[in-house]
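# Coordinate analysis (summary)
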Amino acid sequence: DHSVRPLHLVLVALLVVVDALCFVAIEAGTEAVPPLRFAGLRAGLGGGILLIGSRAMGRAVLPSRKLLPGIVGLALLGTTPGYSAMFMSPGAAGTGISSVVGNTGPVFLILFGMTFLGESLTRVKVEALFLAGVGVVLIAASSPGSPAHGGLPSPGIPTVAIPLAA
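Each chain carries its own residue numbering, running from 1 in the direction its sequence is written. Where local features are concerned, this predicted model is filtered to residues with pLDDT of at least 70; where side-chain atom pairs are given and counted, the filter is 80 or more; whole-chain, interface and lining totals use all residues. To get the side-chain values, all heavy atoms of the structure are used, and hydrogens and water are removed first.

## What to know about helix α1 (residues 6–29)
Since the α-helix packs 3.6 residues into each turn, any two residues three or four apart lie on the same face. Secondary structure follows DSSP: runs of H or I at least 4 residues long count as helices, runs of E at least 2 residues long count as strands, and numbering of each begins at the N terminus. In this analysis, the expected span of each helix is defined as 1.5 Å times one less than the number of residues it contains. With 24 residues, α1 should cover 34 Å at 1.5 Å per step; its first-to-last C-alpha distance of 33 Å lies within 8% of that length. Of all the bends in α1, the greatest measures close to 25 degrees and is centred on F23. For every residue, the accessible area obtained with a 1.4 Å probe (protein chains only) is divided by the maximum for its type, and the residue is called buried under 20%, exposed over 50%, and partly exposed between those limits. All of the buried residues along α1 are H8, L11, V18, C22, F23, I26 and G29. Across the chain, bend at a residue is computed as the angle between axes fitted to the seven residues ending at that point and the seven starting from it.

## What about the confidence of the model for the chain?
The predictor attaches a confidence to each residue, called pLDDT, with possible values from 0 through 100. Per-residue confidence for the chain gives a mean pLDDT of 76; residues scoring 70 or more make up 77%. Within the chain, no element has a lower average pLDDT than helix α7 (residues 157–165), which sits at 46, and none a higher one than helix α2 (residues 35–56), at 86. Residue contacts are counted whenever heavy atoms from the two residues lie within 4.5 Å of one another. In the predicted structure, residues 152–166 sits below a pLDDT of 50 and forms 30 contacts with residues beyond four places in sequence or in another chain.

## As for the side chain of S84
As for its placement among the helices and strands, S84 is situated in helix α3 (residues 68–93). Among the polar contacts listed, one links the side chain of S84 to the backbone oxygen of T80, at a separation of 2.7 Å. With residues near it in sequence (within four places) discarded, S84 still touches L36, A39 and T79. Here a polar contact is taken to be a pair of N or O atoms separated by no more than 3.5 Å, where protein atoms must pair a possible hydrogen donor with a possible acceptor and residues adjacent in sequence count only if both atoms sit in side chains.

## Considering the nonpolar core
What is meant by a nonpolar core is a set of buried Ala, Val, Leu, Ile, Met, Phe, Trp, Tyr and Cys residues, joined one to another through side-chain atoms within 4.5 Å. Listed in full, the seven residues of the largest apolar core are C22, F23, I26, F38, A39, M86 and F87. Considering every element that reaches this core, the biggest residue donor is α1, with three residues. Once you skip the residues sitting within four places of it in the chain, I26 turns out to touch F38, M86, F87 and P90.

## Examining α2
Helix length check: α2 (22 residues) gives 31 Å between terminal C-alpha atoms against 32 Å at 1.5 Å per residue, within 8%. Among the residues of α2, those classed as buried are F38, A39, R42, G46, I49 and G53. Mapping the buried residues of α2 onto a view down its axis gives an arc of 105 degrees, with all of them on the same face. Exposed residues on α2 whose side chains face more than 90 degrees from its buried face are L36, R37, L41, I52 and R55. Where α2 ends, the next residue or the one after it, G58, has phi of about 75 degrees, a positive value. Taken from the helix axis, the directions to the C-beta atoms give the arc we talk about.

Have a look at this one:
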């Protein structure tokens, strides 16, 4: 049964709130908590909520042993660099760049899929890329380090981390 239940909507809303609060917490807590510890806490909180949601929906909480090496690899190569960069970048370039790092992974997946796997570029993907580009420009323009605020964006961690996070 793939119907949407009220519990599903509540869990999705909870995940959206946790994700949105992430950037508020980054802004508020980067001076008080080391960035990598903060990233680990955020990843653990999100993972815990997903486990609770899986259990509440009657789905398996733990994957089969066959999938564990791939999951560990994905965590080490995907989640760890992305979250580390997202939480380390406010010190170098501000929270706006952090949100770009944290949310542009799917954009780069589309581009990498086209480049390396021969994926086709559909109308929906073009629209997604356009909207993502507009979002990146809006976030970058409103960042304290942007030229609009009299500064220059800082290269370094954010520049390297965005494609790495994908």
